[in-house]
Amino acid sequence: MATSRLETRATPVISCRLRSLLVGLAVLSAFAVRGVRAEGAAEPAADLAAVQDQIHLKKLGAIAILDRAGWRHTTVESWSRKVMRTIYGSRPFYGLDPVAAAMELMLNPEPYQDLPIIYVKDRGILKDLTTEPIELSEEEARALLKSRHVTYRFLTSATVQARVQELASEAIKNKALNRLDNARYHYENLLALFTIIPNPDGKEDTPWSSVVSLLDQARLDQTGLNPAEANAVLAAFRAFNQAWVDRDVAAINTSIDELNRLMPTFAPAGVYPSLEMRTAETRYRRLDLLFWAWLVYIFGFFVSVFALATRYRWPRRVGLVLLIAAIGLHGYDLWLRWGVIGRVPVANMYEAVVSSTFVGALFGLVLELISRKRVYLLSSSLLGFFALSLPMVIPDKINNDLQTMMPILDDVMLRIHTVLIISSYAVITLAYGVANCYLFVSAFRDKARLAQGTLGAQLGAIVPLVLAKMDYFAGAGAAMFIGVMVAAIVAGIVLVLLLFSVFAGGGPRAVASSIRASDFPIERDLLGEFDRSHLVLLYTAAIALFVGLVLGAIWADYSWGRPWGWDPKEVFALNTWLIYAIIIHAKFVTRRRALWTSVLSVVGFAVMQFNWWVVNFYIVGLHSYA
Amino acid sequence: MNERTVPPRSFKPVRAVLELFSSVYLAIFWMIAILIYATLGSAVPVFRQFFELTEFQYFNHWVFVTIIGLFCLNLVVATVRRIRFNIRNLGVLMVHAGLLVLCGGAVIYFGGKIEGDIWLDTPKIQVISLDRFRTDADNAVVGQLIAAEGETWEQTMPMLGGRHRVEVVAVRHSGMRTASVVRLKVDVPDAPEKIITLEQDNPDREHSRLAMLTDRLALMLVPSIETDVFFDDTTPALIVAMGPNEKAWPRFELPELPYYNERFVESPAEGDDEIPPILDTAGRVVQSNRIRPIPLLERWRMPIPLIVPGSAAAEDWPITLEIDGYLPYADLRTVPREGGETVHPIVQVEVAHDGHAHQSWLLADQPEQSMAAFENQARVEFRWIGEADAVDPAWTRPISGRHVLEVHVKDRDIRRTYDVTEGQTIRVEGTDYTLTIESLRPDWPLMTGGFKGARTPIALVLVQTPERTFQRSVMERFPKLNQDRYASSHPDPDLRGKKISETDNLVDENIELTYTDASQHRFVIVAGEDLAPTAIHTAPGGKRNMRRLPVGETFAPGNGPTLRLSKYFIKPRFDTEPVVIPQRRRRSLMEVRRQRSLVRVHLQSKDGTWSRRVWVPFSNYDTLVPDGGAPTPVRDVPGLKGFRLVYGRATRRLPTTVRLERLVTEYYPGRVQPREWTSYFRYTDPKTGQVLRSKAFLNNTARIGDWTLFQSGVSRDNVSWTVLGVGNRRGILAMLVGCTLISLGMAYAFCVKPVLVRRRRRRFGETS
């Protein structure tokens, strides 16, 4: 019978020594630098995966835990997801539920020492770790670069650690190395981070303890538990640990019940989160409604394209039903999150994206119901589909961790400011969708060069973004990215203009003929409709953006002592508004007002995106996450 | 907006200008110009940094103000000439009027904006060790608590008999005097709980701020500072800290000091001393950026004269001062070099283990700096034996065991060596001594005067003879500091843990105990005037190796860590020199502002016979904050004594004085992240003279006269001091009115006007 982790860890010191010994052995071993799993190795989690459905994981996930890094009492469910993403990335761990995976790494870590489980997000760092003097065959290096996971033994080997130290002097790699270090730290200290034991003598802000503190005589006093209580917790935890290692489902479930019963009894009144709150949080995590909302938005988008192109009534009705369903799922997810975190969910990037998308889609739905233009239906679905895919595409920047708000952001005025600004961004995105409808029809039907060029520029801009996602620019400076972006935009414009010129009698004509106005069942001024719909959105965005800016300035005045600090975020919000001011005045200087409005709307959208992503993540300032 | 038809006219310059400024094309041009200007300054910081402009200065530059001015002119002319003043156009008129009011308000606001902060500490009660006060007064404070109800200080001091606890039970404030009376509940070993009252100034009670906690510890009430001075964030200053009266220190404001780039005079003037090159952390020579500013565009200059011969300020001083160098992202480091006058033996060692290498300087005559421990893998110690020419045999003789205790009973000349463990009891054969190993500690910090901060392995040994029982602390590195104390089981609880003899460290000289911690790798470098550096290595278990270690060579005994002697000076000279952080590593430090910058001050006697250049580091609050930066002394200034320099910020005055009452910090669960800071302070109303209480906390400002105070920063411990931001806000009302007009105007133009236009068209349609 395997021994539990607590049995092998008489004290943390022994464990550290054991780990040092293992690291030492790893140095001596020629296999220490093997970053990939040996072929044919059995997956140690297979037996657990087979029985995990029988384990009361929801009950286990509903146990409260103090997430010190997140500054809040949360649930084991949320904690597990967070630590597993930190250690292993966003993919499922050997087919395990996140809670089961976290428990497995915490209670039964030994079988995983030689398995590639530590996620290296940054390809540049991975390349650094697979080159000389680190001994890896080409095949191993390739496999490692592909899987992006390394073994703990590989990571802690002397040669790799020496390389990491060397890289630490390069400031540009600090962020990536910190991420790697954080993954390692979490893997090494899961048991100590599992702080589920409330302090009976404490208050709401008093730190909670883990079983590691109970094993350490020097720290026992800080837990607030008397010896009898400490022994009871240790006994329950040991039983849980042993049952987990033995894969004894009945015993595991008994231990989960015991931990669930025991922990709240230590907490002072009013400190331990209520069962309803914990269950709500677990439900929120497990339902994952946004994924379903995203799927429905996608279906809605394709149906609405059909509805717009054909002008039949039934596709519009189906599109409306799908949009309402998607917004319903989306709204319910936000409602659950709001209840769990106890504040309006607009405090971080994830919440800003998800909430603004909801507001934008809802606004589009209302406009569609009032005006029946169909283009609102399309742009709302497009907004939902585009925005909700972001947490999946860039999970490291947009993750759904439940976080406590920074103290300075905890202000009513600021919340209104944020809601208004991000809502205006959502409306700008809606406008962008409508602008592209206009440009598309102009490019194909009216052969407008400006529209063709603008579409080409957008297609060109996608290329460097995809390359960036593939880590093509890892370690390169901003100048290279900007250079590639400019080149790609120019190339996109030239290519699309060429295509329209060269194949004027082929594809484009065929497409144009299919959307000729006369072909529609109901004869209407399509571009005029697009333009009027577009203006409604632009005016709304301009007002919301400006009022949002003013409210932010009022908040800054009484918070920072000055209303405007020429911070990059403020400047680019102003720039976005200036673009819309230019759009509004464009009708006085051009005869093709509607076309120019659409082109400038695309520019406004680009500036807004720059403000949201580049300023937030790459330019240091008061609003930055850089 | 409706366009009017303007009939063709003959060319007139004024009309041409009016035509130009009524153009919408031009308005769009100005908007694009503002957009480009703002983008360059904000998204491409190196652009404005090239001109040494902060964000605030960049957007307050005359170029930007001119663009805004021309845009406003365009706006006025175009509005008057192109837009009909009627109810339909009310929206656009409001927006344009709002823009003008907003721009006007912004010019007033940013033109006169002053931003800074004020540093305020909390009243405190210090716990003072009287023993240490006698030997090392600067380090006599052993504890501290804030003078606020509920605050506690608790420490277990075995040497003083156990647990000591002090709790503030009541605090009274009186006028501007915060914590004027403080009542404390004290609980100390072997004494009943009691209440102590401390008062700031009680005419009936001498030394009312002081009280005895025990016979060896005292309590002292330290009032907080009262000040009307705040530090201006936008203007640096050089302060000559000469004399005890800080208010009389001359302050030279330096609005022309560069901000972002290295700018320094590289070539000395004729007859001047040679200027040594400036290096970065990688050892590369740092070049100065240009030192000639672009006329009109830039306001910085280099060098900046401070006291020029012939000026009024220079009359009393025999020297002139100028700033002739500026380095951002730079620190000062002390570098030992050959060429000193007195003996201060120093070595630089490099210990390598498991692919990691660490360097350290060791000073033999500074106990706290004579040993270094490297990640628990090895310890290295440097010993200087002076005129002796051989290594003490006790340091090299073979030992066996991980914790070795050597016993020498002198009257019987019995020597025994034991490999000991905690809790072990040893009867020393042939003697009456019984030894019990109470504790073995690998890293014991010393507080003894002259040894403060030094660390040593220590064995606490209970010594028992038929006559007496005592505890001896046996130190590995400083055996002369070994002490005999009453045992923890002594029948008189008052005496437990206390030193037995007031005059001597040891009460039983007959038994000599020596402790060696051989549980980890240990190197000792021994050198003397007649002994070249020699390294002794003790491996875990006690195996010893010794060899000569010339500079540049590596000592690799076995499979453990290796030792390399990089540098060795007997009479070093300690030079202070700047070291610059290379450009590529600066981003990781984020925006450090001036806080990591240096200025070079060039001092020169008026007769030209003496000159010196001194690098001075930035200090955010002059000398106010503990550890916030000591003044830089300049030695041998002709005709001036105690000449010290501080490079900090210019000061401005509030209309009244301010004093902190208390800083309250609330935390999120886990006590890692504060949730709220609230600074309660008192000030005298400038108009009525009445003392008022106010508070500033996150998202809530306080006002004193025209100044706004807001919570800006706190000490690292979240209780000791607070920083309140200070700023003026002229023109803010105009900006608010402008913004309101724009918001309402846009709503009207986009929502109401289309309805009015539709109605009008319908009406016209019906009429026609």
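For the structure, check the block above.
Rules behind the numbers
- Residues numbered from 1 in each chain as written.
- Chains lettered and ligands numbered in written order.
- Predicted model: local features only at pLDDT ≥ 70, side-chain atom pairs only at ≥ 80, totals over all residues.
- Heavy atoms only, no water.
- Core = buried A, V, L, I, M, F, W, Y, C linked by side-chain atoms within 4.5 Å.
- Buried < 20%, exposed > 50% of the residue type's maximum accessible area, 1.4 Å probe, protein only.
- Helix = DSSP H or I, 4+ residues; strand = E, 2+ residues; numbered from the N terminus.
- Contact = heavy atoms within 4.5 Å.
- Pairing = 2+ DSSP bridges.
- Axes fitted to C-alpha atoms, helices over the stretch in contact; angles between N-to-C directions.
- Parallel < 35°, antiparallel > 145°, perpendicular 65-115°, else oblique.
- Left-handed = near helix turned anticlockwise from the far one by under 90°.
- Nonpolar A, V, L, I, M, F, W, Y, C, P; charged D, E, K, R; others polar.
- Patch = residues over 30% accessible without salt bridge, like charges linked within 9 Å, V, L, I, M, F, W, Y side chains within 5 Å.
- Areas by Shrake-Rupley, 256 points an atom, 1.4 Å probe, with all protein chains shown as cover.
- Salt bridge = Lys/Arg side-chain N within 4 Å of Asp/Glu carboxyl O.
- Phe/Tyr/Trp six-rings, centres within 6.5 Å; stacked < 30°, edge-to-face > 60°.
- Buried area = accessible area lost by both parts, 1.4 Å probe.

Can you break down the nonpolar core residue by residue, with the values?
A general trend in soluble globular proteins is that nonpolar side chains are found buried together. One finds A:Phe530, A:Trp612 and B:Met746 to be the most contacted residues of the largest nonpolar core, which totals 137 residues. In terms of residue count, the dominant contributor to this core is helix H22 (residues 412-445) of chain A (16 residues). Ignoring sequence-local partners within four residues, the contact set of A:Phe530 consists of A:Leu308, A:Val375, A:Val434, A:Cys437, A:Tyr438 and A:Val441. Counting 81 residues, the second-largest nonpolar core is a separate cluster that includes A:Leu96, A:Leu136, A:Val212 and A:Leu259.

Quick one: what's the story with the sheet that holds strand S34 (residues 572-580) of chain B, residue by residue and with numbers?
The strand order across the open sheet built from 3 strands is S13-S34-S16 (chain B), with neighbouring strands paired in mixed fashion. Because the sheet does not close on itself, it has two edges, and the strands there are strand S13 (279-280) and strand S16 (330-338) of chain B.

Lay out the packing of helix H20 (residues 349-371) of chain A against H22(A) in plain terms, naming residues and giving numbers.
Residues and elements named next belong to chain A. It is the contact of H20 with H22, at a shortest axis distance of 8 Å, that shows an interaxial angle of 55 degrees. Considered as vectors, H20 and H22 are oriented oblique to each other. As for the relative orientation of H20 and H22, their crossing is right-handed in sense. Listed contacts from H22 to Ala-352, Ser-355, Ser-356, Thr-357, Val-359, Gly-360, Phe-363 and Gly-364 of H20 are Ile-422, Ser-423, Ala-426, Val-427 and Leu-430. Taken together, the residues of the contact of H20 with H22 break down into 7 nonpolar, 6 polar and no charged.

Please give an account of a nonpolar patch on the surface that cites residues and values.
Nonpolar side chains collect at one region of the surface, where A:Ile482, A:Val486, A:Val490, A:Val494, A:Leu495, A:Leu498, A:Leu499, A:Val502 and A:Phe503 lie side by side and expose about 810 Å² of accessible area between them. Within the fold, A:Leu499 resides in helix H24 (residues 478-502).

Let's hear about the packing of aromatic side chains: which residues, and what values?
Residues and elements named next belong to chain B. Enumeration according to the criterion identifies 51 aromatic pairs over all chains in this entry. When the ring of Tyr-109 is compared with that of Phe-110, the centres are 5.0 Å apart and the planes differ by 90 degrees; the resulting orientation is edge-to-face. Since its relative accessible area comes to 2%, Tyr-109 is described here as buried. Judged by centre distance (5.0 Å) and plane angle (80 degrees), the rings of Phe-618 and Tyr-647 are edge-to-face. Here Phe-618, found in the loop between strand S36 (611-617) and strand S37 (632-633), pairs with Tyr-647, found in strand S38 (residues 644-667); they are 29 residues apart in sequence, far enough to count as distant.

How would you summarise the interface of chain A and chain B if you had to cite specific residues and measurements?
Taken together, the contact between chain A and chain B spans 62 residues of the former and 55 residues of the latter. The junction of chain A with chain B conceals about 5,200 Å² of combined surface from both sides, 67% of it contributed by carbon and sulfur atoms. In terms of surface lost to chain B, no three residues of chain A exceed A:Asp205, A:Trp566 and A:Phe588, which account for 14% of the buried area on that side. Between A:Arg562 and B:Glu115 there is a salt bridge, with the nearest N and O atoms lying 3.1 Å from each other.

Read these as layout, nothing more, since geometry by itself doesn't imply function.
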